[in-house]
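# Architecture and fold: a report
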Amino acid sequence: MPLFIQDRATDRFRTTAEVFGRYPHLQENAKAFRSKPLVEVDPKHLLYVQQREFAATTPADNCVSVIGSDDATTCHLVVLRHTGSGAVCLAHCDGSSTWSEIQLVTKAVTSLSNVRDDGRFELHLVGGFNDDGKTSQKISLSILAAFQKLEEEIHLETCCITEMNDVAVNGIHRPTVYGIGVNVKTGEVFPASFPHKGPAEELRSARTFTGGEMAGIYDSSRGLVEIGPCHWTPDMDIAFWLSQSDDTILKYLSTSPKAEPPHFVQHMKSTIQFLLSHPDSDSLFPGGLPQLYRRSESGAWERLVQS
């Protein structure tokens, strides 16, 4: 079943310019979205999603009020919600395996919904910019194409992607919106930043750095963040990067060196240091079990000790 825009089925798009040319209301919606105030989300109510992760829940969740993600340059943030059940999923997609990733996102929402009830699937896409390598354009088109191949009818509501999420400062292009949150009670999607990106921020970054595929990180039925088990091969040669300049790290470890947020280099160094400190990934998952985190009374995610 194809993707729907204004209740009409769409054809395959060849460029993002074609999307906005055929549907100018999406351009106006994108301008309105990126002009919304940036919200700094309280970690006590947050479920944070890193690159190549997704999380889904429903309005009945007492542990999570907002699912969010940021630091997206060429990456795209995907929100799919069923208006009947209120079930919602947010994914941080980097173009590594778009078709399988979109299937996971859709399955996550359908599994939490009775799709025979009233309501429909609504899609919100935010991310990318006019990067030199046109990576953003490729990811935008691959995501739209993936949704067009699904059996479910998907209605595109927000499309703040690539050229509509672009700003040029002193001739340097970068995204207007780097991060978003979705209110799991109301379905509102908004520009957001996140001072806290846990739990297990470095472990989750290490999983992605070493080639981990898209993974769900949340069990909404139990209110638990679930990480791993993750597997990587020891590689002490990566210590090389710790002695390199910021410009070198940006050049070789980023898809968009001129557009990364200020903390990118430190984040990469922390991830590499974590991998060097934990060359044996199995040691982080005793008994081959995932790391589990639950919301404490103070609102922080705390590790659940498994016997």
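Whatever comes next refers back to the structure up there.
Cut-off values and rules
- Residues numbered from 1 in each chain as written.
- Predicted model: local features only at pLDDT ≥ 70, side-chain atom pairs only at ≥ 80, totals over all residues.
- Heavy atoms only, no water.
- Core = buried A, V, L, I, M, F, W, Y, C linked by side-chain atoms within 4.5 Å.
- Buried < 20%, exposed > 50% of the residue type's maximum accessible area, 1.4 Å probe, protein only.
- Helix = DSSP H or I, 4+ residues; strand = E, 2+ residues; numbered from the N terminus.
- Pairing = 2+ DSSP bridges.
- Salt bridge = Lys/Arg side-chain N within 4 Å of Asp/Glu carboxyl O.
- Phe/Tyr/Trp six-rings, centres within 6.5 Å; stacked < 30°, edge-to-face > 60°.
- Lys NZ or Arg CZ within 6 Å of the ring centre and 35° of its normal.

Counting residues in hydrophobic clusters, the biggest one holds 79 residues, and the most contacted among them are Leu47, Ile67, Leu123, Phe147, Leu156, Ile180 and Leu203. The biggest single contributor to this core is helix 7 (residues 264–277), with seven residues. Among the nonpolar cores identified, the runner-up in size contains seven residues, and Leu46, Val66, Ala192 and Phe194 belong to it.

We now examine the sheet that holds strand 18 (residues 291–295). Strand order across the open sheet formed by four strands is 16-17-18-19, with antiparallel pairing between neighbours. Two strands in the sheet have a free side with no partner beyond their single neighbour: strand 16 (218–219) and strand 19 (301–303). In terms of strand pairing, strand 18 meets strand 19 through three bridges, oriented antiparallel. Bridge pairing links Arg294 to Glu302 in strand 19.

So, about the pattern of salt bridges. Pairs may arise between side chains of opposite charge once their charged atoms sit close together. Counting across every chain of the model gives 13 salt bridges. Its salt-bridge partner being Asp70, residue Lys197 comes within 2.9 Å of it at the nearest N-O pair. Remark: Asp70 occurs in the loop between strand 6 (66–69) and strand 7 (76–82) and Lys197 occurs in the loop between strand 14 (189–193) and helix 5 (201–209); sequence separation between them is 127 residues. We note that Lys197, like Asp70, is buried. In this structure, the salt-bridge partner of Asp219 is Arg222, at a minimum N-O distance of 2.9 Å. Overlapping salt bridges bring together Asp7, Arg120, Glu122 and Glu157 as one network.

Another aspect to go through is the pairing of strand 7. For strand 7, the tally of buried residues reaches seven of seven residues, placing the bulk of the element in the interior. The alternating pattern of strand 7 places His76, Val78, Leu80 and His82 on one face and Leu77, Val79 and Arg81 on the opposite face, and all of these are buried. Here strand 7 folds back onto strand 8 (residues 88–93) in antiparallel fashion, the turn holding five residues, of which Gly86 has a positive phi close to 80°. Pairing of strand 7 with strand 9 (residues 121–127), which is carried by seven bridges, proceeds in the antiparallel orientation. Its bridge partner lying in strand 9, His76 is registered against Gly127.

Another point: the packing of aromatic side chains. According to the stated counting rule, one finds six aromatic pairs in the structure shown. Look at Trp232 and Phe274: their rings are 6.4 Å apart centre to centre, the planes differ by 70°, and that puts the pair in the edge-to-face class. One end of the pair, Trp232, is in the loop between strand 17 (224–227) and helix 6 (246–253); the other, Phe274, is in helix 7, and 42 residues separate them in sequence. Assessed through its relative accessible area of 12%, Phe274 is described here as buried. Both rings, one in Trp241 and one in Tyr252, keep their centres 6.3 Å apart while their planes meet at 45°; by these two values the pair is tilted. Taken as a pair, Trp241 in the loop between strand 17 and helix 6 and Tyr252 in helix 6 lie far apart in primary sequence, 11 residues in all. Residue Tyr252 is classed as exposed on the basis of its relative accessible area of 53%. The ring of Trp99 carries the charged tip of Lys149 above its face, separated from the ring centre by 4.4 Å.

Let us now look at unusual backbone geometry. Between Gly198 and Pro199 the backbone carries a cis peptide bond, its omega angle lying at 5°. One can find Pro199 in the loop between strand 14 and helix 5. One non-glycine residue, Arg52, adopts positive backbone phi at about 65°. One can find Arg52 in the loop between strand 4 (46–48) and strand 5 (53–57). For Thr162, which is not a glycine, the phi torsion comes out positive at approximately 50°. In this fold, Thr162 is placed in the loop between strand 10 (154–161) and strand 11 (166–169). Judged by relative accessible area, Thr162 falls into the buried class, the value being 2%.

In short, the description is geometric, and any link to function would need to be established separately.
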